[in-house]
Amino acid sequence: MLLFSLSDISIAAWTMAATAVFLMGISKAGLKGMSIFNVTLMALAFGSRASTGLFIPLLLVGDVFAVVYYNRHTQWKYILKFIPWMIAGILIGVYVGKDLPEQEFKWGMVIVIFLSLGLLLWWDRRKSESVPSHWLFSGSMGILAGICTMIGNLAGAFTNIFFLAMRLPKNEFVGTAAWLFLITNLFKLPFHIWVWETISAESLAINLRLLPAIFAGLLLGVFLVKKINEKNYKRFILVVTAIGAIAILFR
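A few points on the structure. (Residues numbered from 1 in each chain as written. Predicted model: local features only at pLDDT ≥ 70, side-chain atom pairs only at ≥ 80, totals over all residues. Heavy atoms only, no water.)

Right, let's talk about the packing of aromatic side chains for a bit. Evaluated as defined, the whole model comprises 11 aromatic pairs. Here the aromatic rings of F65 and Y69 are separated by 5.8 Å at their centres, their planes lie at 10°, and the arrangement is stacked. Of this pair, F65 and Y69 both sit in helix α3 (residues 48-70), separated by 4 residues, roughly a single helical turn. Geometrically, the ring pair formed by F163 and F173 is edge-to-face, given 5.6 Å between the ring centres and 65° between the ring planes. Taken as a pair, F163 in helix α7 (residues 156-165) and F173 in helix α8 (residues 170-195) lie far apart in primary sequence, 10 residues in all. Across the pair, F173 and F163 agree in class, each one buried. Between R49 and the ring centre of W196, over which it is positioned, the NZ or CZ distance is 5.9 Å. (Phe/Tyr/Trp six-rings, centres within 6.5 Å; stacked < 30°, edge-to-face > 60°. Helix = DSSP H or I, 4+ residues; strand = E, 2+ residues; numbered from the N terminus. Buried < 20%, exposed > 50% of the residue type's maximum accessible area, 1.4 Å probe, protein only. Lys NZ or Arg CZ within 6 Å of the ring centre and 35° of its normal.)

Structure representation (structure tokens):
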């Protein structure tokens with residue numbers, strides 16, 4: 001539960017939160033790979049646990065936009081293959097994360113961030129063209145994605161690995177991921193409201209003030225998705241994410 005009012009939030013915290021939400025908008029518009037950086041900034045601004053609930057309504061805004069914009073590219077067979085495992089992981093995350101003290105929660109987020117970074121680096125260097133078909137692959141990725149999305153909104157690395165492994169073209173990748181995250185974020189919503197109590201009237205008031213940032217990010221993301229050099233961008237995100245993860249520990 002948020003323990004501060006709008007008047008208690010510093011300019012620095014607002015700046016980090018607005019930047020996080022702006023980058024999240026870019027990501028939701030199709031430029032994947034920013035989720036870890038977003039979470040790091042929001043955790044620095046509001047604390048590890050509170051930031052998870054603050055993100056959910058804003059994520060849903062981005063999800064709706066992505067679904068509307070990329071819906072025609074959605075591949076439902078991959079969603080149906082992945083989502084049962086991800087929901088199971090979310091339920092595990094609800095139980096594991098509910099009573100974790102802030103320090104342990106913070107360490108958990110940092111571990112997940114570095115695990116995600118490692119997986120992204122491993123997949124980037126893996127040159128195999130085969131498509132994993134065994135249920136163990138989709139099951140393990142789905143459960144890990146579910147746990148990480150509940151504890152820290154950090155499912156991106158695991159879902160990216162799964163969709164990359166399926167060799168989905170860019171637009172199908174984005175359209176399929178858009179529906180997957182809309183469904184799972186809606187599923188997480190009641191747990192944040194009534195179990196973890198990280199969504200409240202105060203958090204929604206903060207969300208309203210951050211809406212312009214996500215709309216700006218969505219508009220810019222649509223423009224950039226075909227322009228940016230993804231290789232250099234990925235390297236940048238990996239470096240700043242690692243720095244941000246370490247910074248969380250010293251907040």
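Let us keep going from here.
By the definition in use, this model includes 2 cavities of 30 Å³ or more. Residue lining of the largest cavity: 24 residues in total, with S27, K28, S35, G156 and F181 positioned closest to the centre. Broken down by secondary-structure element, the contributors of at least two residues to the lining of the largest cavity are α1 (11-28), α2 (35-46), α3, α7 and α8. The biggest single contributor to the lining of the largest cavity is α8, with 5 residues. (1 Å grid on protein atoms, 1.4 Å probe; cavity = no way out; pocket = protein on both sides within 12 Å on 5 of 7 lines; lining within 4 Å. Points joined across faces, edges and corners; volume = space filled by probe spheres on them.)

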